[in-house]
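Each chain, letter by letter, is given below.
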Amino acid sequence: MALDPAEQHLRHVEKDVLIPKIMREKARERCFEQVQGKYIHWHCSSSSRTDFTKCCKDSGVLMVVKCRKENSALKECLIAHYNDPAFYEECKMEYLKEREEFRKTGIPTKKRLQKLPTSM
């Protein structure tokens, strides 16, 4: 049974696992950029300019208290992306494109994107 590369039907695992995984990755990337751009001076390092990640690493266990404002902003951003139907459709189309390419070539996206050695 040959699979049609352009088929749009989604299996249960694709809808409930694979597409949400893409959504999480893209939302995390977008939200980290948004939160880092929004907050220049953090509570946890009042004199220096750092980002949210550095704040969390430097604060250790106290991160929960010291970076609360930044964490709340990050959570709000992630939830907004997860609940956005247009964002879901964007990620779904990205997944379908990757699946179609895999069905045509038989090569997973990760391997296709790796650079080939120029000499041996």
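Residues numbered from 1 in each chain as written. Predicted model: local features only at pLDDT ≥ 70, side-chain atom pairs only at ≥ 80, totals over all residues. Heavy atoms only, no water.

Undergrad: Could you clarify how one ought to interpret the confidence of the model for the protein in this entry?
TA: Note that predicted coordinates carrying low pLDDT should not be read in detail. For the protein, per-residue confidence averages 78 on the pLDDT scale, and residues scoring 70 or more make up 73% of the total. Looking over the protein, one finds the lowest element-wise mean pLDDT in helix α6 (residues 109-113), namely 70, and the highest in helix α5 (residues 85-105), namely 94. (pLDDT = per-residue confidence, 0-100. Helix = DSSP H or I, 4+ residues; strand = E, 2+ residues; numbered from the N terminus.)

Undergrad: What is the right way to read the nonpolar core from this model?
TA: One finds I19, C91 and Y95 to be the most contacted residues of the largest nonpolar core, which totals 15 residues. Put simply, the parts of the chain that give this core at least two residues each are α1 (12-38), α4 (68-82) and α5. Per-element accounting of this core gives the leading share, 6 residues, to α1. (Core = buried A, V, L, I, M, F, W, Y, C linked by side-chain atoms within 4.5 Å. Buried < 20%, exposed > 50% of the residue type's maximum accessible area, 1.4 Å probe, protein only.)

Undergrad: Honestly, the side chain of H81 in this entry has me stumped. Any pointers?
TA: When you line up the elements, H81 lands in helix α4. You can call H81 buried: its relative accessible area is 14%. Non-local contacts of H81, meaning those with residues more than four positions away in its chain, are made with M23, A27, R30, C31 and F87. (Contact = heavy atoms within 4.5 Å.)

Undergrad: Honestly, the side chain of E14 in this entry has me stumped. Any pointers?
TA: As for its position among the elements, E14 is in helix α1. Within the structure, the side chain of E14 is placed 2.6 Å from the backbone nitrogen of R11, a separation counted as a polar contact. Those residues in contact with E14, other than ones at most four positions away along the chain, are H9, I19, P20, Y95 and R99. (Polar contact = N/O pair within 3.5 Å; in protein donor to acceptor, adjacent residues only side chain to side chain.)

Undergrad: Explain the state of the cysteines to me, please; I cannot follow it from the model alone.
TA: Defined simply, a disulfide is a covalent bond joining two cysteines at their sulfur atoms. Scanning the entire structure with this criterion turns up 1 disulfide. Covalent S-S linkage joins C31 and C77, the inter-sulfur distance amounting to 2.1 Å. Across the S-S bond linking C31 and C77, the dihedral sits near -85 degrees, which makes this disulfide left-handed. Of this pair, C31 sits in helix α1 while C77 is found in helix α4, placing the two residues 46 residues apart along the sequence. The two residues C31 and C77 agree in class, both being buried. (Disulfide = S-S within 2.5 Å.)

Undergrad: Sorry, what's going on with a positive patch on the surface here?
TA: Residues K21, R24, R28 and K110 make up a contiguous surface patch of positive charge. Top contributing element to the positive patch by residue count: α1, with 3 residues. With respect to the helices, strands and loops of the structure, R24 is situated in helix α1. (Patch = residues over 30% accessible without salt bridge, like charges linked within 9 Å, V, L, I, M, F, W, Y side chains within 5 Å. Areas by Shrake-Rupley, 256 points an atom, 1.4 Å probe, with all protein chains shown as cover. Salt bridge = Lys/Arg side-chain N within 4 Å of Asp/Glu carboxyl O. Lys, Arg positive; Asp, Glu negative; His and termini not counted. Charge placed at Lys NZ, Arg CZ, Asp CG, Glu CD.)

Undergrad: Is there a simple way to think about the pattern of salt bridges in this case?
TA: Applying the stated rule across the entire model yields 7 salt bridges. For E100, the salt bridge identified is with K104, shortest N-O distance 3.4 Å. Separated by 4 residues within a single helix, E100 and K104 lie in helix α5, roughly one turn from each other. Taking the relative accessible area as the measure of exposure, E100 reaches 25% and is therefore partly exposed. Through salt bridges with shared partners, one network takes in K26, R30, E90 and E94.

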